Amino acid sequence: MIMKKALLVIDLQNDYLGEQRKKQFTYNTDQLINSVNALIDTYNANDCDIIYIEHNIQNLWTNRALFGHSIAGTDGAKLFGGLSIASDNRFIKLFPDAFSSKEFDSFIKEKGYDTVAICGLDECGCVSATAKGAIKNGLSVEMLTEGIASRFPASKIEKVRRELKAKGVQYV
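Residues numbered from 1 in each chain as written. Predicted model: local features only at pLDDT ≥ 70, side-chain atom pairs only at ≥ 80, totals over all residues. Heavy atoms only, no water.

Draft legend 1. Structural detail: the pairing of strand E1 (residues 5-10). For E1, a buried count of six out of six residues is recorded, marking the element as mostly surrounded by other parts of the structure. What you see with E1 is no split at all: Lys5, Leu7 and Val9 on one side and Ala6, Leu8 and Ile10 on the other are buried throughout. Examined bridge by bridge, E1 and strand E2 (residues 49-55) share five bridges and lie parallel to one another. Within the sheet, the bridge partner assigned to Leu8 lies in E2 and is Ile51. (Buried < 20%, exposed > 50% of the residue type's maximum accessible area, 1.4 Å probe, protein only. Helix = DSSP H or I, 4+ residues; strand = E, 2+ residues; numbered from the N terminus. Pairing = 2+ DSSP bridges.)

Okay, here's the thing in structure tokens:
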């Protein structure tokens with residue numbers, strides 16, 4: 001049986017990577033984008049679908065005051081300008097797990113993927129939540145460490161990795 005794999009590019013948006021980002025988002029933008037763009041090129045060349053996931057928070061005054069990032073309809077919520085765009089497969093999620101988006105979940109099932117490779121932000125947030133969602137949906141998961149970043153301490157990252165490895169997630 002031929003495996004059908006997709007590359008999920010999660011939350012690489014201006015509010016997390018751009019110059020105007022809040023100081024808690026300490027990601028190394030150049031390193032991360034260079035790594036992810038190389039992954040996109042490799043997976044695209046190997047006939048894997050590239051899927052972009054964007055986190056959006058409803059544009060309400062309470063959310064603007066409480067979160068102040070990823071607000072729907074703002075420039076900060078758009079995909080980062082330096083990111084390679086290899087497909088029109090783009091989905092908006094309101095919650096950390098991309099599978100919480102009905103459109104994304106239906107697309108994955110309709111296409112018949114059995115494996116997802118994941119890169120993006122943040123390993124201790126939306127990346128791990130989406131990995132758990134994929135496992136729950138019966139998919140194999142590969143975490144592409146060179147294309148994943150986290151702003152959390154190493155101890156939290158290790159805890160997340162142990163938990164995901166116990167669920168069968170592979171780190172490559």
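Draft legend 2. Inspection of the side chain of Asn89 at higher detail. With respect to the helices and strands, Asn89 occurs in the loop between helix H3 (61-66) and strand E3 (90-93). A residue is classified by how much of its surface remains accessible, and Asn89, at 18% relative accessible area, is buried. There is a polar contact of 3.3 Å between the side chain of Asn89 and the backbone oxygen of Ile50. In contact with Asn89, not counting residues within four places along its chain, are Asp49, Ile50, Ile51, Tyr52 and Phe107. (Polar contact = N/O pair within 3.5 Å; in protein donor to acceptor, adjacent residues only side chain to side chain. Contact = heavy atoms within 4.5 Å.)

Draft legend 3. Geometry of the pattern of salt bridges. Tallied over the entire structure, the rule returns seven salt bridges. The closest approach of N and O atoms between Glu142 and Lys5, which form a salt bridge, is 3.0 Å. You can see Glu142 sitting in strand E5 (residues 140-149) and its partner Lys5 sitting in strand E1, a full 137 residues away along the chain. Here Glu142 matches Lys5 in class, with each residue buried. Lys78 is the partner of Asp75 in a salt bridge, and the nearest nitrogen-oxygen pair spans 3.0 Å. Residue Asp75 is classed as exposed on the basis of its relative accessible area of 55%. (Salt bridge = Lys/Arg side-chain N within 4 Å of Asp/Glu carboxyl O.)

Without other data, these values stay purely geometric and don't point to any function.
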